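Chain by chain, the residues:
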Amino acid sequence: MTRLSVVDAQVNRLWGALCACAGIFLFLWVLSWFKASILHEDLQNRCGDLHRASFPFEKSCTYEDGAVEGANSLLFEGVFFGSLAATVVCLGLVVTVEVGRRKAASRP
């Protein structure tokens, strides 16, 4: 394999990782919106202590006995923010590699 084809393969893998992480992030964002807006739509009618969050979407209720209904789990939020961070890192790497390739190609 030539050096150029190895770099192309690495860039393709980075684009794949970027798309996968962005897909996971967007899927979880839609899922959290669906959960807050559709599944827990009537939560405000039966809850005195309603908590709302907009990123990621959340509508939860804390009852007097300490029980919580409708909240996103720590695992959900960890994967949500982790996929966002991985998307940003992959995008930065793709841009860095592409800028380096273009600079190398423009040199005589």
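First things first, this report covers the structure right here in the doc. What you see as residue numbers is a count from 1 along each chain, following the sequence as written. Totals for whole chains, interfaces and linings use every residue, but because this is a predicted model, local features are given only for residues with pLDDT of at least 70 and side-chain atom pairs only at 80 or more, for both listing and counting. Hydrogen atoms and water are omitted, and side-chain values are computed over all heavy atoms in the structure.

## Comments concerning the overall build of the chain
Line of reasoning, step 1. Counting its secondary structure elements, the chain contains two helices and three strands.
Line of reasoning, step 2. Helix and strand assignments come from DSSP, with helices taken as H or I runs of at least 4 residues and strands as E runs of at least 2, each series counted from the N terminus. The order of helices and strands in the chain, counted from the N terminus, is α-β-β-β-α.
Line of reasoning, step 3. Radius of gyration here uses only the C-alpha atoms, and the compact-globule reference equals 2.2 Å multiplied by the residue count raised to the power 0.38. What you see for the chain is a C-alpha radius of gyration of 21 Å, clearly larger than the 13 Å of a compact globule of 108 residues, by over 25%.
Line of reasoning, step 4. Its C-alpha atoms give the chain principal-axis dimensions of roughly 70 × 20 × 20 Å.
Line of reasoning, step 5. Here, two residues are considered to be in contact whenever any of their heavy atoms come within 4.5 Å of each other. Contacts spanning at least 24 positions in sequence make up 52% of the contacts within the chain whose residues lie at least 6 apart.
Line of reasoning, step 6. We get accessible surface area from the Shrake-Rupley algorithm with a probe of 1.4 Å; when it comes to residues, only the shown protein chains can shield them. Accessible surface for the chain amounts to roughly 7400 Å². Of this, 66% is attributable to carbon and sulfur atoms.

## Focus on the sheet that holds strand β1 (residues 50–54)
Line of reasoning, step 1. Spatially, the three strands line up as an open sheet ordered β1-β2-β3, and their pairing is antiparallel. If you trace the sheet from one side to the other, it starts and ends with β1 and β3 (68–69), each paired once.
Line of reasoning, step 2. Looking at chain direction, strand β2 (residues 57–62) and β3 are connected through two bridges and run antiparallel. Across the sheet, C61 pairs through a bridge with E69, a residue of β3. For two strands to count as paired, DSSP must find a minimum of two bridges between them.

## A word on the state of the cysteines
Line of reasoning, step 1. Count a disulfide wherever a pair of cysteine sulfur atoms falls within 2.5 Å. Summed over all chains, the structure comprises one disulfide.
Line of reasoning, step 2. Note that C47 is cross-linked by a disulfide to C61, the S-S spacing being 1.8 Å. The S-S bond linking C47 to C61 shows a torsion near 95 degrees; that makes this disulfide right-handed. One end of the pair, C47, is in the loop between α1 (3–39) and β1; the other, C61, is in strand β2, with 14 residues separating them in the sequence.

## So, the pattern of salt bridges
Two side chains of opposite charge can pair, provided their charged atoms sit close to one another.
Line of reasoning, step 1. Here, a salt bridge means any Lys or Arg side-chain nitrogen found within 4 Å of an Asp or Glu carboxyl oxygen. The full count for this structure, using the stated rule, is four salt bridges.
Line of reasoning, step 2. We note a salt bridge from R46 to D42, for which the minimum N-O separation is 3.6 Å.
Line of reasoning, step 3. In this structure, R46 engages E69 in a salt bridge whose closest nitrogen and oxygen atoms are separated by 3.2 Å. Taken together, the residues span a long stretch of sequence, with R46 in the loop between α1 and β1 and E69 in strand β3 at a distance of 23 residues.
Line of reasoning, step 4. Throughout this description, buried means an accessible area under 20% of the type-specific maximum (1.4 Å probe, protein chains only), exposed means over 50%, and partly exposed covers the range between. According to the relative accessible area criterion, R46 is partly exposed, its value standing at 42%.
Line of reasoning, step 5. On the accessibility criterion, E69 (23% relative accessible area) is partly exposed.
Line of reasoning, step 6. Here the salt bridges do not stand alone but share partners, grouping D8, E98 and R101 into one network.

## Let's talk about the packing of aromatic side chains
Line of reasoning, step 1. Stacked, edge-to-face and tilted labels apply to pairs of Phe, Tyr and Trp rings (six-membered ring for Trp) whose centres lie within 6.5 Å, assigned for plane angles under 30 degrees, over 60, and everything in between, in that order. Across all of its chains, the model carries eight aromatic pairs by this definition.
Line of reasoning, step 2. Between F25 and F55, the aromatic rings sit 6.4 Å apart at their centres with planes inclined by 50 degrees, giving tilted as the arrangement. Of this pair, F25 sits in helix α1 while F55 sits in the loop between β1 and β2, placing them 30 residues apart in sequence.
Line of reasoning, step 3. For F25, a relative accessible area of 10% gives the class buried.
Line of reasoning, step 4. With a relative accessible area of 41%, F55 lands in the partly exposed category.
Line of reasoning, step 5. Centre to centre, the rings of W29 and F57 are 6.2 Å apart; their planes meet at 25 degrees, and the pair counts as stacked. Separated by 28 residues along the polypeptide, W29 in helix α1 and F57 in strand β2 bring together distant segments of the chain.
Line of reasoning, step 6. Under the relative-accessibility criterion, W29 is labelled partly exposed at 31%.
Line of reasoning, step 7. An aromatic cluster is present here, built from F25, W29, F55, F57, F80 and F81 joined pairwise through their rings.

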